[in-house]
Amino acid sequence: MEATRNQAGCLKTAIIMVGTAVLFIAAIILLADIKCGYDIENWWAPLYPNGETVSVEYALFRPRALGETMWIMESTDDVETVKQFYRNKRLETLDAGKTRGLAWTESFVQPLENSAGSRIIISSACGT
């Protein structure tokens with residue numbers, strides 16, 4: 001009878017320990033996802049304010065957070081105006097003393113083929 005009670009106690013302890021470990025890992029992933037999303041959106045690669053989203057591809061839970069994201073936008077603004085927006089944003093970020101952290105971002109701006117305006121390609125990766 002005593003052995004059965006000890007076995008049940010060990011099983012409960014094992015379940016609690018495994019559950020705690022899973023919750024701890026999930027919390028770390030959630031915090032990393034939130035931090036990545038915040039850094040990408042607010043500091044390193046904000047969406048262009050006068051742009052319209054054409055397509056979004058992402059690899060994990062949500063775009064512009066953990067994992068890789070490719071976000072394509074189009075704007076009626078000319079290429080130089082869009083490039084200047086991203087240059088100013090990068091300078092503002094560096095002046096604020098922000099480091100890259102977990103995120104890697106890159107923005108490319110090219111003219112639209114069939115009309116005046118710009119295509120903006122923003123790629124980001126975080127935690128990869």
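Just above sits the structure.
Residues numbered from 1 in each chain as written. Predicted model: local features only at pLDDT ≥ 70, side-chain atom pairs only at ≥ 80, totals over all residues. Heavy atoms only, no water.

Chemist: So what's going on with helix α2 (residues 79-95)? Residues and values would help.
Modeler: When the terminal C-alpha atoms of α2 are compared, their 24 Å separation across 17 residues agrees well with the 24 Å that a helix rising 1.5 Å per residue should span. Restricting attention to buried positions, one finds in α2 the residues Val-79, Val-82, Tyr-86, Lys-89 and Thr-93. Looking straight down α2, one finds its buried side chains confined to an arc of 105°; they lie on one side. Facing away from the buried side of α2, by more than 90 degrees, are the exposed residues Leu-91, Leu-94 and Asp-95. With a side-chain oxygen lying 3.2 Å from the backbone nitrogen of Glu-80, the N-terminal cap of α2 falls on Asp-78. Looking one or two places after α2, you find Gly-97, whose phi comes out positive at around 80°. (Helix = DSSP H or I, 4+ residues; strand = E, 2+ residues; numbered from the N terminus. Expected span 1.5 Å × (residues − 1). Buried < 20%, exposed > 50% of the residue type's maximum accessible area, 1.4 Å probe, protein only. Arc of directions from axis to C-beta. Polar contact = N/O pair within 3.5 Å; in protein donor to acceptor, adjacent residues only side chain to side chain.)

Chemist: Before we move on, can you summarise the sheet that holds strand β1 (residues 51-58) with the specific residues and values?
Modeler: In spatial order, the strands read β1-β2-β4-β3; together these four strands make up an open sheet with antiparallel pairing. With partners counted over all chains shown, the strands left at the sheet margins are β1 and β3 (103-111), one partner each. The mean inter-strand angle of the sheet, taken between neighbouring strand axes irrespective of direction, is 15°. Note: β3 against strand β4 (residues 118-126), nine bridges, orientation antiparallel. Bridging from a neighbouring strand, Trp-104 pairs with Ala-125 of β4. (Pairing = 2+ DSSP bridges. Axes fitted to C-alpha atoms, helices over the stretch in contact; angles between N-to-C directions.)

Chemist: How would you explain the pairing of strand β2 (residues 67-75) if you had to name every residue and give the values?
Modeler: One ladder, built from seven bridges, connects β1 with β2; its direction is antiparallel. Residue pairing in the sheet places Gly-51 in a bridge with Ser-75 of β2. Relative to β4, β2 runs antiparallel, the two sharing nine bridges. Counterpart to Glu-68 in the pairing with β4 is Ala-125.

Chemist: Any details on the nonpolar core? Residues and values, ideally.
Modeler: Across soluble globular proteins, nonpolar side chains have a tendency to be buried as a group. Formed by 16 residues in total, the largest nonpolar core has its most connected members in Tyr-48, Met-73, Val-82, Tyr-86, Ile-120 and Ile-122. Broken down by secondary-structure element, the contributors of at least two residues to this core are α1 (2-44), β2, α2, β3 and β4. Setting aside anything within four residues of it in sequence, one finds Met-73 in contact with Leu-47, Tyr-48, Gly-51, Glu-52, Thr-53, Val-54, Ser-118, Arg-119, Ile-120 and Ile-122. (Core = buried A, V, L, I, M, F, W, Y, C linked by side-chain atoms within 4.5 Å. Contact = heavy atoms within 4.5 Å.)

Chemist: Which residues make up the pattern of salt bridges, and what values do they have?
Modeler: A complete count under the given rule lists seven salt bridges for this structure. Residue Lys-35 pairs with Asp-39 through a salt bridge whose shortest N-O separation is 3.1 Å. Highlighted residues: Lys-35 and Asp-39, both in helix α1, separated by four residues, approximately one helical turn. Residue class for Lys-35 comes out partly exposed when judged on its relative accessible area of 43%. The class of Asp-39 is buried, set by a relative accessible area of 6%. Across the pair Arg-64 and Glu-41 runs a salt bridge whose closest N-O atoms are separated by 2.9 Å. Of this pair, Arg-64 sits in the loop between β1 and β2 while Glu-41 sits in helix α1, and the two are 23 residues apart along the sequence. (Salt bridge = Lys/Arg side-chain N within 4 Å of Asp/Glu carboxyl O.)

Chemist: Can you lay out the side chain of Arg-64 for me, pointing to particular residues and giving the numbers?
Modeler: When its relative accessible area of 5% is taken as the criterion, Arg-64 is described as buried. Within the local environment of Arg-64, its side chain forms a polar contact with the side chain of Glu-41, the two groups lying 2.9 Å apart. With sequence-adjacent residues up to four places away left out, Arg-64 is seen in contact with Cys-36, Gly-37, Ile-40, Glu-41, Ala-45, Pro-46, Leu-47, Thr-69, Trp-71, Ile-122 and Ser-124.

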